[in-house]
Amino acid sequence: TFNSRTYLQPQLNKACKKTDKRANGDVNPKDFILFGKEDFKVVHTWKDNTGEKSYIEDMAFPTLNFPSDHGILATIVEPITPTSNA
């Protein structure tokens with residue numbers, strides 16, 4: 001996730017040129033989904049910064065099509081049924 005802003009956004013202290021977004025932006029991973037591996041299994045995981053269930057690497061957002069400055073991280077999990085030890 002880039003934390004830099006365009007010059008049209010209200011946080012001017014975070015604004016930078018498009019060519020400087022990698023150097024000046026906050027690109028640290030922050031999104032985690034935590035669960036016990038004995039409790040759930042992952043069916044499918046994806047990230048989205050387009051609103052169309054796809055992710056474009058190195059794209060600055062928000063955009064006109066994706067007005068959030070936060071990407072989406074989604075995971076489908078299924079509960080694991082405990083096995084009987086009888």
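Here's what I pulled together on the structure shown here. Remember, it's a predicted structure, so these values are computed and weren't measured experimentally.

**Considering the pattern of salt bridges**
Thought 1: Enumeration according to the criterion identifies two salt bridges in this entry.
Thought 2: Between Glu78 and Lys41 there is a salt bridge; the shortest N-O distance is 3.7 Å. Of this pair, Glu78 sits in strand β2 (residues 72-79) while Lys41 is found in strand β1 (residues 40-48), placing the two residues 37 residues apart along the sequence.
Thought 3: Accessibility expressed as a relative area gives 44% for Lys41, which makes it partly exposed.
Thought 4: The residue Glu57 makes a salt bridge to Lys47 at a minimum N-O spacing of 3.0 Å. Of this pair, Glu57 sits in the loop between β1 and β2 while Lys47 is found in strand β1, placing the two residues 10 residues apart along the sequence.
Thought 5: Since its relative accessible area comes to 52%, Glu57 is described here as exposed.
Thought 6: Accessibility expressed as a relative area gives 39% for Lys47, which makes it partly exposed.

**A word on the side chain of Thr50**
Thought 1: Positionally, Thr50 belongs in the loop between β1 and β2.
Thought 2: Residue classification places Thr50 among the buried positions, given a relative accessible area of 13%.
Thought 3: Within the structure, Thr50 has its side chain in polar contact with the backbone nitrogen of Glu52 (distance 3.0 Å).
Thought 4: Each residue touching Thr50, except ones within four places of it in the same chain, is listed here: Ile56, Asn65 and Phe66.

**Thoughts on the packing of aromatic side chains**
Note on aromatic pairs: each is described by the distance of the centres and the angle between the planes.
Thought 1: Considering all chains together, one arrives at two aromatic pairs under this definition.
Thought 2: With centroids separated by 6.1 Å and ring planes inclined at 85°, the aromatic side chains of Phe35 and Phe40 adopt a geometry described as edge-to-face.
Thought 3: Given a relative accessible area of 33%, Phe35 falls into the partly exposed group.
Thought 4: Residue Phe40 is classed as partly exposed on the basis of its relative accessible area, which comes to 34%.
Thought 5: Ring centres of Phe61 and Phe66 lie 5.9 Å apart, and the angle between their planes is 85°; this geometry places the pair in the edge-to-face category. The exposure classification of Phe61 matches that of Phe66, with both residues buried.

Cut-offs applied
Residues numbered from 1 in each chain as written. Predicted model: local features only at pLDDT ≥ 70, side-chain atom pairs only at ≥ 80, totals over all residues. Heavy atoms only, no water. Salt bridge = Lys/Arg side-chain N within 4 Å of Asp/Glu carboxyl O. Helix = DSSP H or I, 4+ residues; strand = E, 2+ residues; numbered from the N terminus. Buried < 20%, exposed > 50% of the residue type's maximum accessible area, 1.4 Å probe, protein only. Polar contact = N/O pair within 3.5 Å; in protein donor to acceptor, adjacent residues only side chain to side chain. Contact = heavy atoms within 4.5 Å. Phe/Tyr/Trp six-rings, centres within 6.5 Å; stacked < 30°, edge-to-face > 60°.

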